[in-house]
Amino acid sequence: MNKLRLTLSLLIALAAVPAFAQTSHTPGNPPSMMREHAAREAYIDDLMRRMTVDEKIGQLRLVSLPAGANPDRAGFMADIREGKVGAVFNTVTPKDIRVLQQAALQSRLKIPLFFAYDVIHGQRTIFPIGLGLASTWNLDAIRQTGRVSALEASADGLDLTWSPMVDISRDPRWGRNSEGFGEDTYLTSQIGAELVKAYQGDDPAAPGSIMAVVKHFAAYGAVEGGRDYNTVDMSPLRLFQDYLPPYKAALDAGAAGVMIALNSLNGVPATGDKWLLQDVLRKQWGFKGITISDHGAILEMIKHGVAADGRDAARLAITAGADMSMSDTIYGENLKPLLDSGRIGMADLDRATRDVLRVKYDLGLFRDPYRHIGPPQNDPPDVNAESRLHRGAAREVARESLVLLKNQGGVLPLRKQGTIAVVGPLAKSQRDMMGNWSAAGRTEQTVSVYQGLANAVGERARLLYAKGANVIDDPEIVKYLNLYEQDVDVDPRPPAQLIDEAVAAARQADVVLAVVGESQGMAHEASSRSDIVIPDSQVRLLKALKATGKPLVIVLMNGRPLALTWENDNADAILETWFAGTEGGNAIADVLFGDYNPSGKLPMTFPRSVGQIPIYYNHLNTGRPFDPLHPDKYTSRYFDATNGPLYPFGYGLSYTTFRLSDVALSDPSMPRGGTVQASVTITNTGNRDGATVVQLYIQDPVASISRPVKELKHFQKVMLKAGESRKVTFVLDEDDLAFYNAQLHYGAEPGLFNVYVGLDSQDVKQASFTLK
């Protein structure tokens, strides 16, 4: 470890709070917990004494069922029976899982496997993607998605999920924005913690619960240029201030595992970063769970340039603290020679093995290896049966995830009458509605936008459909997107013919709904974009539809913020739907026809163009800040474009209107250890019932280091009947004011604080108090 990292470790140790309960008898450790802890450690001690080196190494291998042209299934099963496999991922039915577990129980010590899968936003019932979940700003709704996901995954025999993904991202070019919860540290921390508690329940070993593995540790969302797998170079101050807190929040909520990021952090690949995995995670945060490499990441340290070969990479990973190796043979082939040569110690091997066994014990697998799988007679006759879905919950959450970005002249909600043209390459797409990482979801069980609209109008209105354009016309991009699965279906007709058909439909209609944006594969792992506009093929379609003079409603499907300057200037209404999941089409129809009043708010800033990136609301000020009311030349700005976002963080419209009162504070000052209450009265001033999100931000205008112009600290979703008013009160304490200073000491500094309350991050009411 270099001197800088050692110094940082010492500096922040005093501020660290352990994420897991320690063995001492404290109020958080009742005697029953201590007895269970002692029983677990005694059991593992006995098992470790009986394990050979090869069996210990086997526990560190996380593998997937062989696939491809000539899969060696027999060799795979033999490895399991010989104790050379610790866990399996990507096998998702009880029948198949049972066969593998039976093989494990034929091994010498009969150590069971655990089974894991990417249950990111649903298992069989698919909920909105991460950005959609974050757009609800409703922790109860998010908790519901986690519980349903755990119930369905547990019923499929799974023990563990690679979720939540809490990587903060402020660059919409990054394809994996779709999995996460946006740009804000506080909002992401809240959501990650809720999902962990929802997945694990009171006992992750119980039927209906699964273990959570938070990812990707650390700072994966900050890759340079938004390019997946790229490097991250970041000051320790920014790392601890903005990027690490969501992982810590998930661990404090009880997450039993950590998936290590693929990126390097300040020159050190996270998979081999002893400072990150031991000094921060283990020593400072007190983490006692399991660490797992990402797919093939240990071997990738060779290409990072820090390992000479596979053996060297295995050495770096195991000594840094990477317990399990995902989807490669590098631990199986290299750990024993490394041990024999003295390049690693038995303590390294024992530590990692113990972490794996501890997770299996906590999952109850030593008591009952079939705990989640169940007996064969309980297997569902059809794992994809409609009766296994939770459609009501999916529709409810999807409706809350939709964000109304524009509604000029009240064109929305639509009436269920007349003729409606439904146009666009995504209008009938069921696969795209599910979004990426859609687990065991089935395309044929997913409701498209067109089908949702048809369900809503029945015989009362006439729907005219035309594809209008392909998602994208560039054949090289199509080839890339379709490399591993059929992501984009290409209509072979000439583009002009597709547009002409759409224009003909539009001319017959009273209103045009254009369902456009990205395919789900365009906002996925390995799908970073150099630009974030709607593809040209679809823009040409939109311009042709605009020229008909008919009201134009854009229904967006996408997995990242897009630059929508032309669309915002020309469309009558824009509804952001992300990828809304199994019931997405019905939920979108609910909002378009006014059966549900939209209440979603953006969890990421939408820029006007790619050139503004990075753009995020909680930036630091400068010595020459730009003032849009007095746009002086020598300020921090772009001279060739409108400055500021197209849609700010926290933004979202409703079919009704709301008014906020001024902010009232309970006291002009806060004593150390005390609180101050900030209250506003919100009134629904429109003629429809509706919900909105009241957001509270804090600013520390004078501190020992430059602090953000504002930071989200509290929020509350409020449902009001037309004409109804309600008082909303937030309790602020000293922790809401705290930050890491230049010496990485965490705490609040005395002085003036500004409080901002609004319905988005820009349009706010202000009050101030002092911390004594």
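Residues numbered from 1 in each chain as written. Predicted model: local features only at pLDDT ≥ 70, side-chain atom pairs only at ≥ 80, totals over all residues. Heavy atoms only, no water.

Some thoughts on the overall build of the protein chain
Phase 1: Summing up its helical and strand segments, the protein chain has 23 helices and 27 strands in all.
Phase 2: Relative to its length of 772 residues, the protein chain is compact, with a C-alpha radius of gyration of 27 Å against a globular reference of 28 Å.
Phase 3: C-alpha atoms of the protein chain, sized along the principal axes, occupy 75 × 65 × 45 Å.
Phase 4: In the protein chain, buried positions account for 60% of the 772 residues.
Phase 5: Contacts in the protein chain between residues far apart in sequence, at least 24 positions, make up 78% of those at least 6 positions apart.
Phase 6: Accessible area of the protein chain: about 29100 Å², with a carbon and sulfur share of 51%. (Helix = DSSP H or I, 4+ residues; strand = E, 2+ residues; numbered from the N terminus. Rg over C-alpha atoms; globule rule 2.2 N^0.38 Å. Buried < 20%, exposed > 50% of the residue type's maximum accessible area, 1.4 Å probe, protein only. Contact = heavy atoms within 4.5 Å. Areas by Shrake-Rupley, 256 points an atom, 1.4 Å probe, with all protein chains shown as cover.)

Quick word on the pattern of salt bridges
Phase 1: Per the counting criterion, the structure on display carries 50 salt bridges.
Phase 2: Notably, a salt bridge pairs Arg-40 with Glu-41, separated by 3.0 Å at the nearest N-O pair. Each member of the pair Arg-40 and Glu-41 is classed as buried.
Phase 3: Here Asp-46 and Arg-50 are joined by a salt bridge, their closest N and O atoms 3.3 Å apart. Of the two residues, Asp-46 and Arg-50 are both situated in helix 2 (residues 31-50); the distance of four residues between them amounts to about one turn of the helix.
Phase 4: Asp-46 gets classed as partly exposed once you look at its relative accessible area, which sits at 34%.
Phase 5: Several salt bridges share partner residues, and in doing so they unite Arg-40, Glu-41, Asp-45, Arg-282, Asp-323, Asp-348, Arg-351, Arg-354, Asp-355, Arg-358 and Asp-362 into one network. (Salt bridge = Lys/Arg side-chain N within 4 Å of Asp/Glu carboxyl O.)

What to know about the nonpolar core
Phase 1: Core analysis: the largest hydrophobic core is formed by 120 residues, its most contacted members being Ile-80, Phe-114, Trp-162, Phe-217, Leu-244, Tyr-331 and Leu-335.
Phase 2: The residues contacting Leu-335, other than those within four sequence positions of it, are Ile-57, Leu-60, Ala-314, Ile-318, Ile-330, Ile-344 and Leu-349.
Phase 3: Counting residues in each nonpolar core, the second largest holds 80 residues, with Leu-513, Trp-578, Ala-587 and Ala-589 among its members. (Core = buried A, V, L, I, M, F, W, Y, C linked by side-chain atoms within 4.5 Å.)

A word on the packing of aromatic side chains
Phase 1: Summed over all chains, the structure comprises 18 aromatic pairs.
Phase 2: Between Trp-174 and Tyr-220, the aromatic rings sit 5.1 Å apart at their centres with planes inclined by 80°, giving edge-to-face as the arrangement. Taken together, the residues Trp-174 in the loop between strand 4 (160-161) and helix 8 (185-200) and Tyr-220 in the loop between strand 5 (211-217) and helix 9 (236-243) connect sequence positions 46 residues apart.
Phase 3: By relative accessible area, Tyr-220 is classed as buried at 0%. (Phe/Tyr/Trp six-rings, centres within 6.5 Å; stacked < 30°, edge-to-face > 60°.)

Examining the packing of helix 7 (residues 139-155) against helix 16 (residues 391-401)
Phase 1: For the pair helix 7 and helix 16, interaxial distance at closest approach is 10 Å and the crossing angle is 145°. When the axes of helix 7 and helix 16 are compared, the crossing they make is left-handed. Contacts between helix 7 and helix 16 involve Ala-141, Gln-144, Thr-145 and Val-148 on the former and, on the latter, Ala-393, Glu-396, Val-397 and Glu-400.
Phase 2: A class-by-class count of the residues in the contact of helix 7 with helix 16 yields four nonpolar, two polar and two charged. (Axes fitted to C-alpha atoms, helices over the stretch in contact; angles between N-to-C directions. Left-handed = near helix turned anticlockwise from the far one by under 90°. Nonpolar A, V, L, I, M, F, W, Y, C, P; charged D, E, K, R; others polar.)

Observations concerning the side chain of Gln-278
Phase 1: Summarising the element assignment, Gln-278 is placed in helix 11 (residues 274-284).
Phase 2: Polar contacts involving the side chain of Gln-278 include one to the main-chain carbonyl oxygen of Thr-319, which spans 2.7 Å.
Phase 3: Within the structure, Gln-278 has its side chain in polar contact with the backbone oxygen of Ala-320 (distance 3.1 Å). (Polar contact = N/O pair within 3.5 Å; in protein donor to acceptor, adjacent residues only side chain to side chain.)

What to know about the environment of Asn-177
Phase 1: As for its position among the elements, Asn-177 is in the loop between strand 4 and helix 8.
Phase 2: Separated by 270 residues in sequence, Asn-177 and Val-447 have C-alpha atoms that sit 23 Å apart.
Phase 3: When near neighbours in sequence (up to four residues on either side) are disregarded, Asn-177 contacts Leu-131, Ser-169, Asp-171, Pro-172, Gly-559 and Met-604.
Phase 4: Within polar-contact distance, the side chain of Asn-177 engages the backbone oxygen of Trp-174 at 2.8 Å.

Comments concerning helix 16
Phase 1: For helix 16, the complete set of buried residues consists of Ala-393, Ala-394, Val-397, Ala-398, Glu-400 and Ser-401. Down the axis of helix 16, the sector holding all buried residues measures 160°, keeping them to one side.
Phase 2: As for helix 16, its buried residues are in contact with helix 6 (130-136), helix 7, strand 11 (403-407), strand 16 (573-576), helix 23 (584-592) and strand 22 (711-720). (Arc of directions from axis to C-beta.)

Section: the sheet that holds strand 27 (residues 764-771)
Phase 1: The five strands lie next to each other as 19-27-26-21-22, forming an open sheet whose pairing is mixed. The sheet is open, and its two borders are formed by strand 19 (669-670) and strand 22, each paired with just one other strand.
Phase 2: Bridging between strand 21 (residues 690-699) and strand 22 involves nine bridges; their strand directions are antiparallel. Bridge pairing links Gly-690 to Leu-720 in strand 22. (Pairing = 2+ DSSP bridges.)

Focus on the sheet that holds strand 10 (residues 325-326)
Phase 1: Pairing in this open sheet of eight strands is parallel, and the strands run 9-6-5-4-3-2-1-10 from one edge to the other. Only two strands of the sheet have a single partner each, and these edge strands are strand 9 (290-292) and strand 10.
Phase 2: Inspection of the sheet shows strand 6 (residues 257-260) paired to strand 9 by three bridges, in the parallel sense. Of the residues in strand 9, the one forming a bridge with Met-259 is Ile-292.

Points about the pairing of strand 27
Phase 1: Where strand 19 lies against strand 27, two bridges are found, and the strand directions are parallel. By the bridge assignment, Ser-669 is partnered in strand 27 with Thr-770.
Phase 2: Across eight bridges, the pairing between strand 26 (residues 751-758) and strand 27 is antiparallel. The residue of strand 27 that forms the bridge with Gly-751 is Leu-771.
Phase 3: Adjacent in sequence and paired antiparallel, strand 26 and strand 27 are bridged by five residues.

A short note on unusual backbone geometry
Phase 1: A cis amide bond links Lys-215 to the next residue, His-216, at an omega of -10°.
Phase 2: Mapped onto the elements of the fold, His-216 is located in strand 5.
Phase 3: For the peptide bond that leads from Leu-412 to Pro-413, omega is 5°, which places it in the cis range.
Phase 4: Looking at the element boundaries, Pro-413 is found in the loop between strand 11 and strand 12 (419-423).
Phase 5: The residue Asn-90 is not glycine, and still its phi comes out positive at about 80°.
Phase 6: One can find Asn-90 in the loop between strand 2 (87-89) and helix 5 (94-104).
Phase 7: For Asn-90, a relative accessible area of 37% puts it in the partly exposed group.

Notes on the packing of helix 13 (residues 310-320) against helix 14 (residues 330-340)
Phase 1: Helix 14 packs onto helix 13 with a crossing angle of 85° between their chain directions and a minimal axis gap of 9 Å. Judged by the angle between their axes, helix 13 and helix 14 are roughly perpendicular. Only Ile-330, Tyr-331, Glu-333, Asn-334, Leu-335, Pro-337 and Leu-338 of helix 14 make contact with helix 13, whose side of the interface consists of Gly-310, Arg-311, Ala-313, Ala-314, Arg-315, Ala-317 and Ile-318.
Phase 2: In terms of residue class, the contact of helix 13 with helix 14 is made up of nine nonpolar, two polar and three charged. (Parallel < 35°, antiparallel > 145°, perpendicular 65-115°, else oblique.)

Notes on helix 8
Three or four residues apart is the spacing at which side chains of an α-helix point the same way, because the helix has 3.6 residues per turn.
Phase 1: When the terminal C-alpha atoms of helix 8 are compared, their 23 Å separation across 16 residues agrees well with the 22 Å that a helix rising 1.5 Å per residue should span.
Phase 2: The buried fraction of helix 8 is high, at 13 of 16 residues.
Phase 3: Phi turns positive, to about 55°, at Gly-201, one or two residues after helix 8. (Expected span 1.5 Å × (residues − 1).)

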